[in-house]
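Spelled out from the first residue to the last, the chains are:
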Amino acid sequence: MSVLVLVLAVSAACCLGFGFVLQQAAARHAPRRDYLSPRLLLDLMQVRSWLAGVGLMVSGMALGALALGKGEVSVVEPLLATNLLFAMALSRHRTGQRLGRQGWAGLWLLAGGVTAFLLGGRPQGGETITNALRHWLVVGVVVGIALLLTTFAKRSQHGAAPALLAVAAGLLYGLQDALTRMSGEVLSDAGWTALVTSWQPYAVVVLGVTGLILVQSAFETAPLRMSLPALTAAQPLAGIACGIGFLGDQVRTDAGALAWQAAGLVAIVVGIVLLGLHPAMPTGHDHHRRKRSLQPH
């Protein structure tokens, strides 16, 4: 892994983490009639803090795309998962909460898990797999699971719904990252004409907008701690699956390496959950302050 990939991916994670906090602070005031509707984005566009959060998120995605252009998806995705550390830092600054044992445990588990996965698996790039059946099977499974989770969440707007929507969005974002990598390869190999006539860049846009609606709906209905950990955990898992599934990423498969990779992924998920449930993460949900419509501010 090059230093450039590390810097780009961590910078992307910083922008994403800060952006998510600003978005949720605005989305919690959105009218409930906008739940899972494109109208939600139209209403939120009136709020300057939400636009700032989206600007940071777009910057993070752009930096992530640059990192994906220089490194493998299986390397970049775990690094992007550290966005929760930056979300925690901003939330901690706002709330004044100390990290405590839970915060430090989550931080070290997340950082250690990323390190263990990268050192154990030693992901390397390979040739993009040309087997169309395998390609569409992976895409279909990821999209199908996201659709199923969204359907369950739509039936119940409370309880587990925000987490389900966040997992669905994370799956779509992981797939989006893989297709972003493919788009970069098309551009590099065949130029702009081939890129604009291929389906991948348009799928990236559709996945991004759909994921944004799911995320904002999750932010609208529950505290950040109920959605951001699930989003942060699902995205790298989906991205790694796509990277190995159809981008040709290769990881070590001997018993010791697989053990380190499994331990690293478990540590990443547990660390994300601990940080997400930390008191420093804003509740961002107050029924008494919910507005019937958004007001610019």
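Residues numbered from 1 in each chain as written. Predicted model: local features only at pLDDT ≥ 70, side-chain atom pairs only at ≥ 80, totals over all residues. Heavy atoms only, no water.

Asker: I'm lost on the overall build of the chain in this one. Help?
Answerer: Helices and strands together make up the secondary structure of the chain, namely 12 helices and 0 strands. Secondary structure elements of the chain occur, N-terminal to C-terminal, as α-α-α-α-α-α-α-α-α-α-α-α. By residue count, 51% of the 297 residues in the chain fall in the buried class. Counted over contacts in the chain with a minimum sequence separation of 6, partners at least 24 positions apart contribute 88%. On the chain, roughly 13,500 Å² of surface is accessible, and the fraction owed to carbon and sulfur atoms is 67%. (Helix = DSSP H or I, 4+ residues; strand = E, 2+ residues; numbered from the N terminus. Buried < 20%, exposed > 50% of the residue type's maximum accessible area, 1.4 Å probe, protein only. Contact = heavy atoms within 4.5 Å. Areas by Shrake-Rupley, 256 points an atom, 1.4 Å probe, with all protein chains shown as cover.)

Asker: What is the right way to read helix α11 (residues 224-246) from this model?
Answerer: Note that an α-helix has 3.6 residues per turn; residues three or four places apart therefore point the same way. The terminal C-alpha atoms of α11 lie 33 Å apart, and with 23 residues this matches the ideal 33 Å at 1.5 Å per residue to within 8%. Of all 23 residues that make up α11, 18 are buried, and the element is covered over most of its length. (Expected span 1.5 Å × (residues − 1).)

Asker: Explain the nonpolar core to me, please; I cannot follow it from the model alone.
Answerer: Across soluble globular proteins, you tend to see nonpolar side chains buried next to one another. If you look at the biggest cluster of nonpolar residues, it comprises 73 residues, and the most contacted ones within it are L175, L179, L231 and F246. Excluding residues within four positions of it along the chain, L175 makes contact with V139, V142, V143, L207, C242 and F246. (Core = buried A, V, L, I, M, F, W, Y, C linked by side-chain atoms within 4.5 Å.)

Asker: What should I look at first to understand the packing of helix α1 (residues 3-27) against α11 in this one?
Answerer: Two elements in contact, α1 and α11, have axes whose closest approach is 11 Å; the angle formed by their N-to-C orientations is 145°. Our pair here, α1 against α11, has a crossing hand that is right-handed. Along the contact surface, α1 presents F20, V21 and Q24, while α11 presents L224, L228 and L231. (Axes fitted to C-alpha atoms, helices over the stretch in contact; angles between N-to-C directions. Left-handed = near helix turned anticlockwise from the far one by under 90°.)

Asker: Can you walk me through the environment of R181 in this structure?
Answerer: Relative to the assigned elements, R181 resides in helix α8 (residues 161-190). Judged by its relative accessible area of 14%, R181 falls in the buried class. For R181 and L68, which are 113 residues apart along the polypeptide, the C-alpha to C-alpha distance reads 5.6 Å. Not counting residues within four places of it along the chain, the set of residues in contact with R181 comprises L68, G71, E72, V73 and L247.

Asker: What is the right way to look at the state of the cysteines in this model?
Answerer: In protein chemistry, a disulfide is the covalent bond that joins the sulfur atoms of two cysteines. Inspection of every chain in the model, using the stated rule, returns 0 disulfides. Free cysteine: C14, not disulfide-bonded; nearest cysteine sulfur from C15 at 5.5 Å. (Disulfide = S-S within 2.5 Å.)

Asker: Which parts of the structure should I look at to understand the confidence of the model for the chain?
Answerer: Interpreting fine coordinate detail is not advised for predicted regions of low pLDDT. Of all residues in the chain, 90% attain a pLDDT of 70 or more, and the chain-wide mean is 82. A low-confidence stretch, residues 284-297 stays under pLDDT 50, and its non-local contacts, those more than four residues away or across chains, total 35 contacts. (pLDDT = per-residue confidence, 0-100.)

Asker: Even after reading the chapter, I still don't get the packing of helix α4 (residues 73-80) against α11, so can you show me in this structure?
Answerer: A pair of packed helices is characterised by two quantities: the angle between their axes and the separation of those axes. It is at 8 Å that the axes of α4 and α11 come closest, and there the two elements cross at 180°. Here α4 lies roughly antiparallel to α11, going by the angle between them. Listed contacts from α11 to V73, S74, E77, P78 and L80 of α4 are Q235, P236, G239, I240, G243 and I244. (Parallel < 35°, antiparallel > 145°, perpendicular 65-115°, else oblique.)

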